[in-house]
Amino acid sequence: MENKDLNRFITEIELFKGLSAEEIEMVVAAVEKRKFNTGEYLFQESSPREAIFLIFEGEVELFKKSALGAETKLSYFSRFDFLGEGSLTEDSPHSTSARAKHKTITFMLKRDFFELNGPTALKIFSNISRVISRRMRQANARMISSAAQYESGRTRTEHDLLGYREVPYEYYYGIQTLRALENFNISGVQLNFYPVFAESLAMVKLAAAKANYDLGLLSKSLADAIVRASNEIINGKYTFHFVVDMIQGGAGTSTNMNANEVIANRALEILGHERGQYEFCHPNNHVNLSQSTNDAYPTAIKIALIRSNEKLIEVLIDLIASFKVKAKEFAHVIKMGRTQLQDAVPMTLGQAFEAYAVMLEEEIARLNQNVELFLEVNMGGTAIGTGINADPRYSGVVIEHLREITGKPIVLATNLVEATQDTGAFIMYSSAVKRLAVKLSKISNDLRLLSSGPRAGFNEINLPPMQPGSTIMPGKVNPVIPEVVNQIAFKVIGNDLTVTLAAEAGQLELNVMEPIIVYSLFESIEMLKNGMNTLNHRCIKGITANEERCREMVYNSIGLVTALNPVIGYEASNKLAKEALEGNRSVYDLVLEQKLMTKAQLDEVLDPKNMIAPRTMTKQG
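Described below are features of the structure shown in this document. All figures in this text were calculated on a predicted structure; none of them were measured in a lab.

Our focus in this paragraph is the overall build of the protein. Scanning the protein from N- to C-terminus turns up 22 helices and 16 strands. Taken along the three principal axes of its C-alpha coordinates, the protein extends 105 × 70 × 45 Å. Counting all 621 residues of the protein, 51% fall into the buried class. Contacts in the protein between residues at least 24 apart in sequence constitute 72% of all its contacts with a sequence separation of at least 6.

Quick look at the structure:
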């Protein structure tokens, strides 16, 4: 690259505004060109800060990882953007990671430039402070374009059925979304809280645009722009512009229009127009072509739930694996089994944890079985399932595109009028989610009981201590992780009831209560994912066994007589149990004292390995 081209590039970057021509030349001479392939890191979280990156070509995503490895996308940067400016002001490691989304060319300006060029560095530091202030405002608003570095204050005038409104220029949504924001300040949970939902809405719009182009209903330039805008959302951009409250009136119309407006305004930019110039790409006429909220919205919901279910099962599989590890670790630990909270018969702690693993493993099949109901959609049914305003060929074409885009075997419902009003699939899936929650709660109850004490309870296992348990009782540590899982289960059970009531409330050709169904299901899935992750990493992995305590409780238990039943008979065993209980005596000692068995016979029968599995019985009578 010639110096004059690099010079022109540097002068366009806000970081170097106000620098003299001579200072720009100094920057040009100091920068180093670096190329990054798709997926390659510019820098990673916790790595040393070494340089600032000036993006010449390509795109970079900034993200942060949670303690459990989940990625949260923070922003995207492209030509003339820069990142890593903290390298110039801080000695601490990077708090985020930056990765090339496509092949990217950057120019690096290393820290030593600022140590050697004091006056110039002061000017750049002044620009940095201004940029950081703007970016903080962007982060707080969570609505500004991920490509914009500051809110300009510009507005654009838009109109709808009810009149005209001024929409902030930076926002990709339009007037109908603005009205929904004003009308539905209900839960405080916006669509962007569940990015998978926004992405699935974009998948539906992408499939519709492709189908409409195939049928000759959209020009190539319009279709290409809508396709590109939709793909950008699918890839994680612009989801912060999906701002409508999850709970809303209108059967999801506000959600559908939020998607239509964001895609239309991004498509307008791609076409070289200004946002709001809807004569060139209209939210309804073009993005919503051949659709109604009543087929696009439920189809997007179903796709999003299918994808969310995959994530839920990933977390569930990890939890099951941890229970299996503990089952092997505790396979040799003899403990007392209990029924109705009373002593029953011996078992191993490993058997108890293996049972939990199997109990949860069953839920994988149930969730997958029920989520398959979402593969049937009503695309092309439009308003009530009759297909008004859609080409007769549209349903078949759009389904093919949906299959290709999602990678799922989506099928068209056999009766679109029925499919538009029926919410039975949501009831079935919600019940499977509830079933998982109930089992998790039961396991959490057991963990709390088994760890109770430590002196006045079962005290058979130790849960990892997470936090002090009392403001008044020193030394107390509570089972806070199982407790929070219990509470999650209660919420999921309540959400299942909400889904049931909302499904029942449907009237005639449409169920307008779908938004609360959607919110309830997404909330349940999100809480269960978080709860299972927490249970796994902050509880199950750290559980230890109190082997001596477990063994002591077995040998002191009246339940040992059950093992003697096949040898001395039920009546004698019953009498023995009563005597041991009333006299606070050992079953073992009483058997020998009453000469019911020899010591060798007794030791053989009461050998732990003979009490935890079936064994050959002798003939009775």
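One pass over the full model with this rule turns up 32 salt bridges. Of the charged contacts, one joins Arg156 and Glu158 as a salt bridge, the two residues approaching to 2.7 Å between their closest N and O atoms. Residue Glu269 pairs with Arg266 through a salt bridge whose shortest N-O separation is 2.9 Å. Placement of both Glu269 and Arg266 in helix α8 (residues 253-271) is noted, with a separation of three residues, approximately one turn of the helix. Several salt bridges converge on common partners, so that one network encompasses Arg228, Glu232, Arg266, Glu269 and Arg275.

Right, let's get into the nonpolar core. Grouped together as the largest cluster of nonpolar side chains are 118 residues, with contacts concentrated most on Phe197 and Leu447. Broken down by element, the residue count for this core peaks at 16 residues, all from helix α10 (residues 293-329). Not counting chain neighbours up to four residues away, the residues in contact with Phe197 comprise Leu191, Met246, Thr255, Tyr297, Ala300, Ile301, Ala304, Val518 and Phe522. Ranked by size, the runner-up nonpolar core spans 23 residues in total, among them Ile13, Ile52, Leu54 and Phe113.

Moving on: the sheet that holds strand β7 (residues 97-100). Taken together, the four strands give an open sheet; going across it, the order is β2-β7-β4-β5, and neighbouring strands pair in antiparallel fashion. A single partner strand is all that each edge strand has here, and the edge strands are β2 (41-43) and β5 (71-77). Adjacent strand axes in the sheet meet at a mean angle of 30° when their direction is disregarded. Here strand β4 (residues 60-65) pairs with β7 via four bridges, running antiparallel. Bridge pairing in β7 places Leu62 opposite Ala98.

As a further point, take the sheet that holds strand β1 (residues 32-36). What the four strands build is an open sheet, ordered β1-β8-β3-β6; its pairing is antiparallel. Each edge of the open sheet is held by one strand with a lone partner, namely β1 and β6 (82-83). Bridge count between β1 and strand β8 (residues 104-110): five bridges; the pairing is antiparallel. Following the sheet pairing, Phe36 is matched in β8 by Thr104. Most of the contacts of helix α1 (residues 3-11) go to strand β3 (residues 51-57), to which it runs at about 110°, and overall it touches β3 and β8.

Note the cis peptide between Gly453 and Pro454, where omega equals 10°. Position of Pro454 relative to the elements: it lies in the loop between α14 (424-450) and β15 (461-462). Its identity as a non-glycine residue notwithstanding, Leu508 has a phi of 55°, on the positive side. One non-glycine residue, Lys595, lies in the positive phi region at around 55°. Mapped onto the elements, Lys595 comes out in the loop between α20 (587-593) and α21 (599-605). Note on Lys595: relative accessible area 75%, which makes it exposed.

This part is about helix α18 (residues 561-568). Along an α-helix, residues three or four apart share an orientation, since each turn contains 3.6 residues. Listed in full, the buried residues belonging to α18 are Val561, Ala563, Leu564 and Ile568. Looking straight down α18, one finds that the buried residues subtend no more than 145° of arc, so they occupy a single side.

With 25 residues, helix α16 (residues 514-538) should reach 36 Å at 1.5 Å per residue; the first-to-last C-alpha distance of 35 Å fits that figure. Among the 25 residues that make up α16, 18 are buried, leaving the element largely enclosed by the rest of the structure.

On to the pairing of β8, then. For β8, the tally of buried residues reaches six of seven residues, placing the bulk of the element in the interior. In terms of strand pairing, β3 meets β8 through six bridges, oriented antiparallel. In the strand pairing of β8, Ala51 is matched with Lys110.

Relative to the elements of secondary structure, His159 occurs in strand β9 (residues 155-160). In this structure His159 comes out as exposed when scored by relative accessible area, which is 54%. Note: C-alpha distance between His159 and Gly174 (15 residues apart in sequence) is 9.1 Å.

To continue, consider the packing of helix α7 (residues 220-234) against α8. Closest axis-to-axis distance for the α7/α8 pair is 8 Å, and the angle between their directions is 120°. The pairing of α7 with α8 is recorded here as oblique in orientation. Relative to α8, the crossing made by α7 is right-handed. Here α7 contributes Ser221, Leu222, Ala225, Ile226, Arg228, Ala229, Ser230, Glu232 and Ile233 to the contact with α8, which in turn contributes Val262, Ile263, Arg266, Ala267, Ile270 and Leu271. Tallied by class, residues from the contact of α7 with α8 come to 10 nonpolar, two polar and three charged.

Rules of the game
- Residues numbered from 1 in each chain as written.
- Predicted model: local features only at pLDDT ≥ 70, side-chain atom pairs only at ≥ 80, totals over all residues.
- Heavy atoms only, no water.
- Helix = DSSP H or I, 4+ residues; strand = E, 2+ residues; numbered from the N terminus.
- Buried < 20%, exposed > 50% of the residue type's maximum accessible area, 1.4 Å probe, protein only.
- Contact = heavy atoms within 4.5 Å.
- Salt bridge = Lys/Arg side-chain N within 4 Å of Asp/Glu carboxyl O.
- Core = buried A, V, L, I, M, F, W, Y, C linked by side-chain atoms within 4.5 Å.
- Pairing = 2+ DSSP bridges.
- Axes fitted to C-alpha atoms, helices over the stretch in contact; angles between N-to-C directions.
- Arc of directions from axis to C-beta.
- Expected span 1.5 Å × (residues − 1).
- Parallel < 35°, antiparallel > 145°, perpendicular 65-115°, else oblique.
- Left-handed = near helix turned anticlockwise from the far one by under 90°.
- Nonpolar A, V, L, I, M, F, W, Y, C, P; charged D, E, K, R; others polar.

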